[in-house]
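The residues making up each chain are set out below.
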Amino acid sequence: MDVVGKYESDLEDETITRLDMDRKLTDLRKELERLQSENATEWGLRERLGTEKLALERENKKLRAQIDDMEEEIDRKCKQLSATQGADFKSLQTQMQGKNKELNDVKHSYSKQKKLLQDTSTELQHAARRAEQYELEVKKLRARIEELKSDLARVEDEVDAHSNTIRKQQRSNDELQSQVESLQVQLDHLQSRLKRAGNQTVLIKSRSASLKSFELPDSPEEGISSGEDECIEPAFD
């Protein structure tokens, strides 16, 4: 019975361990799903920032081309201005001022776009690093989940083995109990038989004592009458 109790205690401990491992496995799966969701979000942000970066680069190339065209036009106008006199000079001077203003506006817009591109590139690098960290954490969690699955399978095997051992012990106990009950019945029968045999022995001894105390009387009739009485009395006992 002590062995069965020990196996039952071990089985309860193994069951508690398995439930705890199931809970940890569920928590790790939830954490994995959360990290995968955040990783997908980071990848989406990375792709969006990459698209914005490409658009900004195209816009910068376009602005740079416009600046080059304007500078060429200004140079051409300056050359024309040097060869022009009178009203044409004033007109060209006005045009040149307007172009210079437009050029300054384009340069200012280009500076803003360049700064925005730098900020976007920095944010894209940060997003890439976060995505790599999330991927590393996901790999670690997957490895931990596989390890817990292996431990859980081992614990389940041990629980099954303990359960089989307990069932075998229980069957052995049932068989022993059956044998004990059978022997108890046999013992009761023997005790009953011995009791009956003891009662018969006492009766025989009592009758023998009565016969030994019998004495012959002076008159034959008296002896017969007395002997009958003595023989009859033990029979009533």
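Just so it is clear, the model here is predicted, and its values are computed rather than measured.

Thresholds applied
Residues numbered from 1 in each chain as written. Predicted model: local features only at pLDDT ≥ 70, side-chain atom pairs only at ≥ 80, totals over all residues. Heavy atoms only, no water. Helix = DSSP H or I, 4+ residues; strand = E, 2+ residues; numbered from the N terminus. Buried < 20%, exposed > 50% of the residue type's maximum accessible area, 1.4 Å probe, protein only. Contact = heavy atoms within 4.5 Å. Areas by Shrake-Rupley, 256 points an atom, 1.4 Å probe, with all protein chains shown as cover. pLDDT = per-residue confidence, 0-100. Patch = residues over 30% accessible without salt bridge, like charges linked within 9 Å, V, L, I, M, F, W, Y side chains within 5 Å. Salt bridge = Lys/Arg side-chain N within 4 Å of Asp/Glu carboxyl O. Lys, Arg positive; Asp, Glu negative; His and termini not counted. Charge placed at Lys NZ, Arg CZ, Asp CG, Glu CD. Core = buried A, V, L, I, M, F, W, Y, C linked by side-chain atoms within 4.5 Å.

### Focus: the overall build of the chain
Logical step 1: Looking only at helices and strands, the chain features three helices and zero strands.
Logical step 2: Counted from the first residue to the last, the chain has its helices and strands arranged as α-α-α.
Logical step 3: For the chain, with 237 residues in total, the buried portion stands at 19%.
Logical step 4: In the chain, the proportion of contacts linking residues at least 24 apart, taken out of those at least 6 apart, comes to 87%.
Logical step 5: When the accessible area of the chain is evaluated, it comes to approximately 18,000 Å², of which 51% is carbon and sulfur surface.

### Re the confidence of the model for the chain
Logical step 1: Overall, the prediction assigns the chain a mean pLDDT of 77, with 78% of residues at 70 or greater.
Logical step 2: Averaged pLDDT values over the elements of the chain bottom out at 41 in helix α3 (residues 220-236) and peak at 82 in helix α2 (residues 87-212).
Logical step 3: Here residues 214-237 scores under 50 on pLDDT; set against residues more than four positions off or in separate chains, the count is eleven contacts.

### Examining the environment of Gln-113
Logical step 1: Within the secondary structure layout, Gln-113 lies in helix α2.
Logical step 2: For the pair Gln-113 and Asn-60, spaced 53 residues apart in the sequence, the C-alpha separation amounts to 7.0 Å.
Logical step 3: Those residues in contact with Gln-113, other than ones at most four positions away along the chain, are Leu-56, Glu-59, Asn-60 and Leu-63.

### Description of a negative patch on the surface
Logical step 1: Where like charges cluster on the molecular surface, the negative patch consists of Asp-68, Asp-69, Glu-71, Glu-72 and Asp-75.
Logical step 2: With respect to the secondary-structure elements, Asp-69 resides in helix α1 (residues 2-83).
Logical step 3: Residue classification places Asp-69 among the partly exposed residues on the basis of a relative accessible area of 49%.

### Section: the nonpolar core
Logical step 1: Within the largest apolar cluster, 13 residues are counted, with the highest numbers of intra-cluster contacts made by Met-21, Leu-28, Leu-32, Leu-35, Leu-141, Ile-145 and Leu-148.
Logical step 2: Elements with a minimum of two residues in this core: α1 and α2.
Logical step 3: In terms of residue count, the dominant contributor to this core is α2 (eight residues).
Logical step 4: Not counting residues within four places of it along the chain, the set of residues in contact with Leu-35 comprises Tyr-134, Glu-137, Val-138 and Leu-141.

### Quick look at the side chain of Thr-120
Logical step 1: Mapping Thr-120 onto the fold places it in helix α2.
Logical step 2: Residues in contact with Thr-120, not counting those within four places in the same chain, are Leu-49, Glu-52, Lys-53 and Leu-56.

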